[in-house]
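Results of the structural survey
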Amino acid sequence: MKKGNLMTQQSVVMGGAPEGFDARLVLREMERSAAPVLHIARDDKRMEAMRSALRFFAPDVPVVVFPGWDCLPYDRVSPNADISAARMATLAALVHGMPRQFILLTTLNAATQRIPAREVLREAAFKARVDSRVDEAALRKFLVRMGFTQSPTVMEPGDYAIRGGIIDIFPPGDSGPVRLDFFGDVLDGARRFDPATQRTTEKLDMVELAPVSEVILDEAAVTRFRQNYRIEFGAAGNDDPLYEAVSAGRKHQGIEHWLPFFHERLETLFDYMPGAIVTLDDQLTPARVARWDSIADQYETRKIAMNAKGRMDSVYKPTPPQLLYLDDDAWENQIAQHRAVQFHPLPQASGPGVVDAGGRIGRNFAPERQQESISLFGALASHIQTKLAQGPVVVASYSEGARERLSGLIEDEGLAETIPVLDGTRIGKSGLHLAVWALEHGFEAPDMTVISEQDVLGDRLIRKPKKRRKAENFLTEAQSLSPGDLVVHVDHGIGRYIGLEVVTAAGAAHECLLLEYAEQSKLYLPVENIELLSKYGHDDGLLDKLGGGAWQAKK
């Protein structure tokens, strides 16, 4: 985002907004504007941290999540069915009605990707009331067009099963599957049930279904795809499995990466929330630049492979990136239409459009942990007593058990009995509180102090050492590879295995795996380091550039 665009009248840079405290600022923006808030996090981890903080401070405020695809741009696989269903459930909720004030959490990847237009979600819906007539054949066709998959039993969103006059459907969302009981062409009953126990959890008077996939394979969409595909790539050959599958009305693996070819136009998440306040996570701009560079790099790699001499018709034919993803200009155009608040954990230099929210990163007790002569919990108790004179103090723990242990240790230091709380709405204007809140680092605000368990005890997660493979298995595993197989090197990315070669270095012979990368670069990997490799599968045109930055951005 360019600095000049950020300094518009409705956009501000908000410093002094460390993690945890930024959730209070999001809630404050929603209350001041009486409008929904769209918060864009850098990644899934940051999104979940914001969700946890919002749950702590305001558990009654509606929070909706719009996840990004869990596959790389220009991949051959589709996003996970659960993720697709969750995305469509959120879009359907935005179209069919939400409260006036709510918070939508999403990631940078999801916000920079185009999605089906709102009218598609309005039209692609199925409604039926109990005791009314239903065209069962039309319902089955609807399920297929909307991306549902027939299975013996429904176990996850996107499944449907037909057993005589009973149709089980697992629609997108967290509500669970529904069972439709037909008597002839009349919907005799509808109920929601637990897929594990098959027990009824709720009786329904009306059933409303939304798509589970962003690709809707109706006749108009298939025709539109065929026309756009031929315009972009020319006449399709007989060995183009994607074109053949779509022409036959079948969903092909990875079909979502050609989403623009199926729709007359695509919109963005900003279009679904025209009056929303947009809050932006810290370091979002460098993450967005790296994201676009990765998309452009993978598109060029696919395009080079498509134009290579002697290629097969089945080679990947990539969609131009601007059709599916927001470039720099498109992103700035969308942001300019909203009030945007860019968070920074540290105070920023004063200037037009820059405000200080007043939050500061909390104290870390690392020095006390490293000195045996100093009592760690004595220092903690002293710090708490100092901060209690300024306002309430919250000690955030990762679990109930950890909270109980910290409670005893703090009380041993002579502090008054602590008050356990579950959420910020029950925190008084003073006093010490213990809460279950998975916060990595605490913060200090003008009206409260929050200390995290990690601030006191150090890193919560200790990774187990990797289990090294036995030496006698090295040669066996190397021989399991076939020349031409694609492998992934943890540091260098995707390359092609050529074969085994003996390399002489420092007067000694070493057996190495020869790997080929983009631009015919070679890498010799000693067989004893084979644990750095994993098989990727068979594909063309995916090789990373040896020494390039694209792999580090996308791995």
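Right above here is the structure, for reference.
Calculation notes
- Along each chain, the written sequence defines residue order, and numbers are assigned to residues from 1.
- Totals for whole chains, interfaces and linings use all residues, but because this is a predicted model, local features are given only for residues with pLDDT of at least 70 and pairs of side-chain atoms are given and counted only at 80 or more.
- Each side-chain value is worked out from all heavy atoms of the structure, with water and hydrogens disregarded.
- Helical segments are the DSSP runs of H or I of at least four residues, strand segments are the runs of E of at least two, and each set is numbered from the N terminus.
- Per-residue accessibility, obtained with a 1.4 Å probe over protein chains only, is compared with the maximum for each type, and a residue is labelled buried under 20%, exposed over 50%, and partly exposed between these values.
- A contact between two residues is defined here by any heavy atoms of the two lying within 4.5 Å.
- Residue burial considers only the protein chains on display, and all accessible areas are found by Shrake-Rupley using a 1.4 Å probe.
- Two strands are counted as paired when DSSP detects at least two bridges linking them.
- Classification of ring pairs uses Phe, Tyr and Trp, with its six-membered ring standing for Trp, and accepts pairs whose centres are within 6.5 Å; under 30 degrees between planes counts as stacked, over 60 as edge-to-face, and the remaining range as tilted.
- An axis is simply a line fitted to the C-alpha atoms; with a helix, the fit covers only the stretch in contact. Between two such axes, the angle follows the N-to-C directions and lies from 0 to 180 degrees.
- Reported orientations rely on four angle classes, namely roughly parallel under 35 degrees, roughly antiparallel over 145, roughly perpendicular from 65 to 115, and oblique for the rest.
- Left-handed describes a crossing in which the near helix is turned anticlockwise from the far one by less than a right angle; the clockwise case is right-handed.
- Residues are grouped as follows: Ala, Val, Leu, Ile, Met, Phe, Trp, Tyr, Cys and Pro are nonpolar; Asp, Glu, Lys and Arg are charged; every other residue, Gly included, is polar.
- By definition here, a helix of n residues has an expected span of 1.5 Å times n minus one.
- An arc is given here, and it is the one of the directions from the helix axis to the C-beta atoms.
- Any carboxyl oxygen of Asp or Glu that lies within 4 Å of a side-chain nitrogen of Lys or Arg is treated as forming a salt bridge with it.
- Grouping buried Ala, Val, Leu, Ile, Met, Phe, Trp, Tyr and Cys residues that are joined through side-chain atoms within 4.5 Å yields what is termed a nonpolar core.
- Under the rule applied, a polar contact is a pair of N or O atoms within 3.5 Å (in protein, one hydrogen donor and one hydrogen acceptor; residues adjacent in sequence only if both atoms are side-chain atoms).

1. Side note on the overall build of the protein
A tally of regular secondary structure across the protein gives 19 helices and 28 strands. Looking at the 555 residues of the protein, the share that counts as buried comes to 49%. The contacts in the protein between residues at least 6 apart in sequence include a share of 69% that link residues at least 24 apart. As displayed, the protein has an accessible area near 27000 Å², and 49% of this comes from carbon and sulfur atoms.

2. So, the pairing of strand S10 (residues 178-183)
Sheet analysis places strand S9 (residues 166-169) next to S10, joined by four bridges and oriented antiparallel. Its bridge partner being in S10, Ile166 is matched across the sheet by Asp181. Where S10 hands over to strand S11 (residues 186-193), the hairpin turn is made up of two residues, of which Gly184 adopts a positive phi near 70°.

3. Re the packing of aromatic side chains
Aromatic rings in a pair are described by how distant their centres are and how their planes are angled relative to each other. Under the counting rule described, the total for this entry stands at 17 aromatic pairs. Centroid distance Phe56 to Trp437: 4.2 Å. Interplanar angle 15°. Geometry classified as stacked. Here the residue Phe56 occupies a position in helix H3 (residues 44-57), and Trp437 occupies one in the loop between strand S21 (432-436) and strand S22 (443-445), the gap between them amounting to 381 residues. Trp437 matches Phe56 in its accessibility class, with the two residues each being buried. Taking the centre distance of 5.6 Å and the plane angle of 35° together, the rings of Tyr229 and Tyr243 count as tilted.

4. With respect to the packing of helix H2 (residues 21-33) against H3
For the pair H2 and H3, interaxial distance at closest approach is 9 Å and the crossing angle is 70°. Taken together, the axes of H2 and H3 are roughly perpendicular relative to one another. Crossing handedness for the pair H2 and H3: right-handed. Two secondary-structure elements touch here, H2 through Asp22, Ala23, Arg24, Val26 and Leu27 and H3 through Arg46, Met50, Ala53, Leu54 and Phe57. Counted by class, the contact of H2 with H3 contains seven nonpolar, no polar and three charged residues.

5. A word on the sheet that holds strand S4 (residues 103-107)
Read across the sheet, seven strands follow the order S3-S4-S2-S15-S16-S1-S17 without closing on themselves; strand pairing throughout is parallel. Since the sheet does not close on itself, it has two edges, and those belong to strand S3 (63-66) and strand S17 (354-356), each with one partner. Going across the sheet, the axis of each strand differs from the next one's by a mean of 25°, ignoring polarity. In this fold helix H4 (residues 81-96) packs onto S3 and S4, with an angle of close to 130° to the strand it touches most, S3.

6. Observations regarding helix H8 (residues 219-233)
Over its 15 residues, H8 runs 21 Å from end to end, which matches the ideal 21 Å to within 8%, given 1.5 Å per residue. Listing the buried residues of H8 in full gives Ala221, Val222, Phe225, Tyr229 and Phe233. Along the long axis of H8, the arc covered by the buried residues comes to 95°, so they all point the same way. Within H8, the exposed residues directed more than 90 degrees away from the buried face are Glu219 and Ile231. Residues of H8 that are buried sit in contact with helix H9 (241-247) and helix H11 (284-306).

7. Notes on the pattern of salt bridges
With the rule as written, the count across this model stands at 27 salt bridges. Between Arg339 and Glu29 there is a salt bridge, with its nearest N and O atoms 3.1 Å apart. Of the two residues, Arg339 is situated in the loop between helix H13 (328-335) and strand S16 (340-343) and Glu29 in helix H2; the sequence distance between them amounts to 310 residues. If you follow the salt bridges from partner to partner, you end up with Glu19, Arg42, Arg46 and Asp281 in one network.

8. Examining the sheet that holds S11
What links the strands of a sheet is backbone hydrogen bonding, and the strands pair in either a parallel or an antiparallel sense. Read across the open sheet, the six strands follow the order S7-S8-S9-S10-S11-S12; overall the sheet is mixed. Only two strands of the sheet have a single partner each, and these edge strands are strand S7 (149-150) and strand S12 (200-204).

9. Thoughts on the nonpolar core
Counting residues in hydrophobic clusters, the biggest one holds 34 residues, and the most contacted among them are Phe57, Ile103, Trp437, Phe443 and Val450. If near-sequence neighbours (up to four positions away) are discounted, Trp437 is found in contact with Gly20, Ser52, Ala53, Phe56, Phe57, Ala396, Ser397, Phe443 and Val450. With 30 residues, the next largest nonpolar core counts Ala111, Ala210, Leu280 and Ala340 among its residues.

10. Here we look at the side chain of Thr90
With respect to the helices and strands, the residue Thr90 is situated in helix H4. Reaching out from Thr90, the side chain makes a polar contact with the backbone oxygen of Val65 at a distance of 2.7 Å. Excluding residues within four positions of it along the chain, Thr90 makes contact with Val64, Val65, Phe66 and Leu104.

11. Remarks on unusual backbone geometry
The phi angle at Asp131 is positive, at roughly 75°, despite the residue not being glycine. Positive phi, normally seen in glycine, also occurs at Gln198, with a value near 65°. In this structure Gln198 comes out as partly exposed when scored by relative accessible area, which is 36%.

12. Points about the pairing of strand S19 (residues 393-397)
In terms of burial, S19 is largely enclosed, as five of its five residues are buried. Residues Val393, Val395 and Ser397 point to one face of S19 and Val394 and Ala396 to the other, with burial holding for every one of them. Pairing geometry for S19 and S21, over five bridges, is parallel. When the sheet's bridge partners are listed, Val394 is paired in S21 with His433. Of the pairings in the sheet, the one linking S19 to strand S23 (residues 448-452) comprises four bridges and is parallel in character. Across the sheet, Val394 pairs through a bridge with Val450, a residue of S23.

13. A word on the environment of Leu104
In this structure, Leu104 sits in strand S4. Overall, Leu104 belongs to the buried group, its relative accessible area being 0%. In this structure, the C-alpha to C-alpha distance between Leu104 and Val37, residues 67 residues apart in sequence, is 6.2 Å. The contacts of Leu104, once residues within four sequence positions are left out, are Val37, Leu38, His39, Val64, Phe66, Thr90, Leu94, Leu269 and Met273.

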